[in-house]
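# Secondary and tertiary structure notes
So you can see what is in the structure, the chains are spelled out below.
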Amino acid sequence: MKTPDSRFYCPLITEGTITLDENESTHAVRVCRAAVGDVLQLSDGLGHYADGTITKADAKACEVRVDVVETASSNRPKVSLGIACLKDDALEEVVFHAAQTEIDSIVFLRTDYSQEPKNSDLKKTVRRAELKSLVSLKQSKKPWLTKIEGPIEFKDWLKSYSGDLVLCDMDGENAPATESLASPTTLLVGPEGGFSPAEIQAIKDFSNGKVHLMKLGPTRLRARTAAIIALGKIVC
């Protein structure tokens, strides 16, 4: 078998015989040419993983035997990314890169300056983002699947949120130390043009947690770039 340097997704890992879904089965049997006796690395995205020995190489319902289920030594990440809705495929691009890091969730926020298509419910974008997050889970071999949430109005999200906030701001300070961040913590990245003055004030007035203003450097960045640079300063 041409073993891929990645894991296979299995939402429920238990000891005994497990049947993979059709997508994972097809990838294992047809793409990787896995056969009976070969071993697949499994992950449920919830902090558990295991080696599964193939007992039935079926491209639609591949069966594997799991002898031992392991639990990740690290807890679920406490940092999330809240990013304003962007136009074109920018949100998917952000998810593709961000979900390879150890973050809890990515929340799509509708802000005053959001650039999403008019009257869009973003269902297709959300679904594609979920698939990209799943691919990132398997490729990066991290134990936790990054959740995709939203879209939600920024003011409604802020009203219901409890935890620390990190706002990317040209006049901010250096990135806060990860160990100093409460759980949960959300990194906020606005659309092209940034958050509106009213939204920035609402963030600074936030009272359900600490607010950190973080600078990313002397240059002005595109929103999709800022999100990745900011995550790199906090989680890497």
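For the structure given in this document, a descriptive report is provided here. Since we're looking at a predicted model, the values are computed, not measured.

## What to know about helix H1 (residues 22–31)
- Listed in full, the buried residues belonging to H1 are Glu 24, Ser 25, Ala 28 and Val 29. Looking straight down H1, one finds that the buried residues subtend no more than 110 degrees of arc, so they occupy a single side. Opposite its buried face, H1 presents the exposed residues Asn 23, Arg 30 and Val 31, each directed more than 90 degrees away.
- Buried residues along H1 sit against strand S1 (8–9), strand S3 (39–43) and helix H3 (123–140).

## A short note on the pattern of salt bridges
- Counted under the stated rule, the structure contains 8 salt bridges.
- A salt bridge links Asp 104 to Lys 147; its shortest N-O distance comes to 3.6 Å. Here the residue Asp 104 occupies a position in the loop between helix H2 (90–98) and strand S8 (105–110), and Lys 147 occupies one in strand S9 (residues 147–153), the gap between them amounting to 43 residues.
- What makes Asp 104 buried here is its relative accessible area of 13%.
- The class of Lys 147 is partly exposed, set by a relative accessible area of 36%.
- A salt bridge links Arg 127 to Glu 130, with the shortest nitrogen-to-oxygen separation between them at 3.5 Å. With Arg 127 and Glu 130 both in helix H3, this residue pair falls 3 residues apart, about one helical turn.
- Assessed through its relative accessible area of 32%, Glu 130 is described here as partly exposed.

## What to know about the state of the cysteines
- Counted by the stated rule, this structure contains 0 disulfides.
- Considering cysteine sulfurs only, Cys 62 is the nearest to Cys 32, which forms no disulfide, with 10 Å between them.
- For Cys 32, a relative accessible area of 5% translates into the label buried.

## Re the side chain of Ser 25
- Of note, Ser 25 is situated in helix H1.
- Each residue touching Ser 25, except ones within four places of it in the same chain, is listed here: Leu 20, Arg 30, Asp 58, Ala 59, Lys 60, Ala 61 and Cys 62.

## Structural notes on the environment of Ser 43
- Considering the arrangement of structural elements, one finds Ser 43 in strand S3.
- As for Ser 43 and Ser 6, which are separated by 37 residues in sequence, their C-alpha atoms are 9.8 Å apart.
- Dropping the residues within four chain positions of it, Ser 43 is found in contact with Arg 7, Phe 8, Tyr 9, Cys 10, Ile 13, His 48, Tyr 49, Leu 137 and Lys 142.
- Only 3.3 Å separates the side chain of Ser 43 from the backbone nitrogen of Gly 45, close enough to count as a polar contact.

Reading the values: the criteria
Residues numbered from 1 in each chain as written. Predicted model: local features only at pLDDT ≥ 70, side-chain atom pairs only at ≥ 80, totals over all residues. Heavy atoms only, no water. Buried < 20%, exposed > 50% of the residue type's maximum accessible area, 1.4 Å probe, protein only. Helix = DSSP H or I, 4+ residues; strand = E, 2+ residues; numbered from the N terminus. Arc of directions from axis to C-beta. Contact = heavy atoms within 4.5 Å. Salt bridge = Lys/Arg side-chain N within 4 Å of Asp/Glu carboxyl O. Disulfide = S-S within 2.5 Å. Polar contact = N/O pair within 3.5 Å; in protein donor to acceptor, adjacent residues only side chain to side chain.

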